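Letter by letter, the chains look like this.
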Amino acid sequence: MKKPELLAPAGSFNKAKIAFLYGADAVYAGTSSLSLRTRADMEEDDLIKTIKYAHELGKKVYVTINIYAWDNMYDEVKKQARILNELKVDGIIVADGGVVDVIKEEAPDVDIHISTQSNIVSYHTANFWHSNGAKRVILARELNKSQIKDIIDNTPMRLETEMFVHGAICFGYSGRCFLSDFLASRSANLGDCAQSCRWAYNLYVEETNNPGNLMPVEHDEKGTYIFSSKDLCLIKEIPEIIEMGVDSLKIEGRLKTEYYLATVINAYRNAIDDYIKAPNNYDYTKYLNELEKVKTRGLTTFYFNDRNNKDFQEYEGKQYNPNYEFGGKVVEYNEDKSVVEIKNKLTVGDTLEVIIPGQIENYKFTIDKLFDPETDEEINTVNPGKIGQTVKLKIPIKVEENWILRRKK
């Protein structure tokens, strides 16, 4: 049984460190203005640090140049390709055929991964990309499991397959959407999506017998979130995915927090490893319980089990988790008073959970005392007022730098 790669998003060097700490085998990151998440790009210095750090750990970094490039963008594409070749990234994620040709010319030492934006829904298309230099294809999220298996069975073994297993589902087909460009003049296909599908809308229908008379379709006082789909979650299907031979399991979310990354990556890392070790004892519920703690929308298997599935529309409104939130990140461990970077309000009496890398069970404890990090004065509560603000508190178990703390609301 082949163990698949666990691939995680990295919107910054610090997020890459969290991803590797909690079990990712590889991360993917954006470049300047040439990826599809320009708000989560890494500056070149951060990218250099990420690649160096990953390679020291024996792990990998893939970089996205997955825009659909206009002709006036190709000088920048060529420049970025040469830089990535020099930096020895492990793969470049590409959607546009013209950009693929540039990568082959300007970055000959780097593997080409074909983006989900290229709508790979058949082995014919996968084989086309393989014959044009691709090392890996990232499958469209609209496929079901039998279609995925057909692609794997009808492509060369040296062509790797990657699929999304967790995260947001785009309203557009495989992420190719014009809604943001139309409503906000920000093109999703050029890396500047305003996520217009997540907005609240007021919906009206025109009366058939009375043209021009618009009747409101009401959901609640906030409008309706008719375009906002649930989030993909295939934790229950991990055994099937591993058995069919998928090479890389991908988590979506370069704009997500370190807390989200730690929780989701840790859950999938444990799920994969536990199934490989004991296939007959796989129990997805303990991993799902963890994922529920960072859930902000409903969860769906989308089309994986059924191409006719319609259970992915979300009508719960804005993102919100009423039960848990990001508590903090360990900066320095001391047996008496550890230094924690706070991410939300902490108060004496709060319950915190330590998310332990490589372990699905968390350690829970109650905050007995809080201390000002500079004066050591005892305080009752602390609110995050600035980036990097810290507090001191006693953590009853030995923890390490960058371990994540979850706060139960």
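Residues numbered from 1 in each chain as written. Predicted model: local features only at pLDDT ≥ 70, side-chain atom pairs only at ≥ 80, totals over all residues. Heavy atoms only, no water.

(A) Representation of the pairing of strand β15 (residues 338-342). Judged by how many residues are buried, β15 sits mostly within the fold: 5 of 5 residues are covered. Of the two faces of β15, the one lined by S338, V340 and I342 and the one lined by V339 and E341 are each fully buried. Across 4 bridges, strand β14 (residues 324-332) lies against β15 in antiparallel orientation. In the sheet register, G328 faces β15, and the bridge partner there is I342. (Buried < 20%, exposed > 50% of the residue type's maximum accessible area, 1.4 Å probe, protein only. Helix = DSSP H or I, 4+ residues; strand = E, 2+ residues; numbered from the N terminus. Pairing = 2+ DSSP bridges.)

(B) A look at the sheet that holds strand β19 (residues 370-371). With antiparallel pairing, 8 strands are arranged side by side in an open sheet as β18-β17-β23-β14-β15-β22-β19-β20. Edge positions in the open sheet fall to β18 (363-366) and β20 (378-379), since each of these has one partner strand only.

(C) Just the pairing of strand β2 (residues 26-31), in detail. For β2, the buried fraction is high: 6 of the 6 residues fall into the buried class. Burial along β2 is two-sided: A26, Y28 and G30 and V27, A29 and T31, pointing in opposite directions, are all buried. Relative to β2, strand β1 (residues 5-9) is paired through 3 bridges, and the arrangement is parallel. Bridging from a neighbouring strand, L7 pairs with A26 of β2. In this fold, β1 hands off to helix α1 (residues 13-21), which returns the chain to β2; that crossover is right-handed. Bridge analysis of β2 against strand β4 (residues 60-65) gives 5 bridges, and the strand direction is parallel. Note on β4: the bridge partner recorded for G30 is T64. (Right-handed = clockwise from strand over helix to strand, strands pointing away.)

(D) Geometry of the side chain of T347. Following the sequence through the fold, T347 ends up in strand β16 (residues 346-347). Here T347 falls in the buried class, since its relative accessible area comes to 18%. One polar contact links T347 to T381, side chain to side chain, over a distance of 2.9 Å. Contact partners of T347, with chain neighbours within four places excluded, come to I367, L370, N380 and T381. (Polar contact = N/O pair within 3.5 Å; in protein donor to acceptor, adjacent residues only side chain to side chain. Contact = heavy atoms within 4.5 Å.)

(E) View of the pattern of salt bridges. For the coordinates displayed, the defined rule picks out 29 salt bridges. Here R136 makes a salt bridge to E160, at a shortest N to O gap of 2.9 Å. Note that R136 is positioned in strand β7 (residues 134-138) and E160 in strand β8 (residues 160-168), a separation of 24 residues in sequence. The partner of E353 in a salt bridge is K293, with the nearest N and O atoms 3.1 Å apart. Residue E353 is found in strand β17 (residues 351-355), and its partner K293 is found in the loop between α10 (285-292) and β13 (299-300); the two are separated by 60 residues along the sequence. (Salt bridge = Lys/Arg side-chain N within 4 Å of Asp/Glu carboxyl O.)

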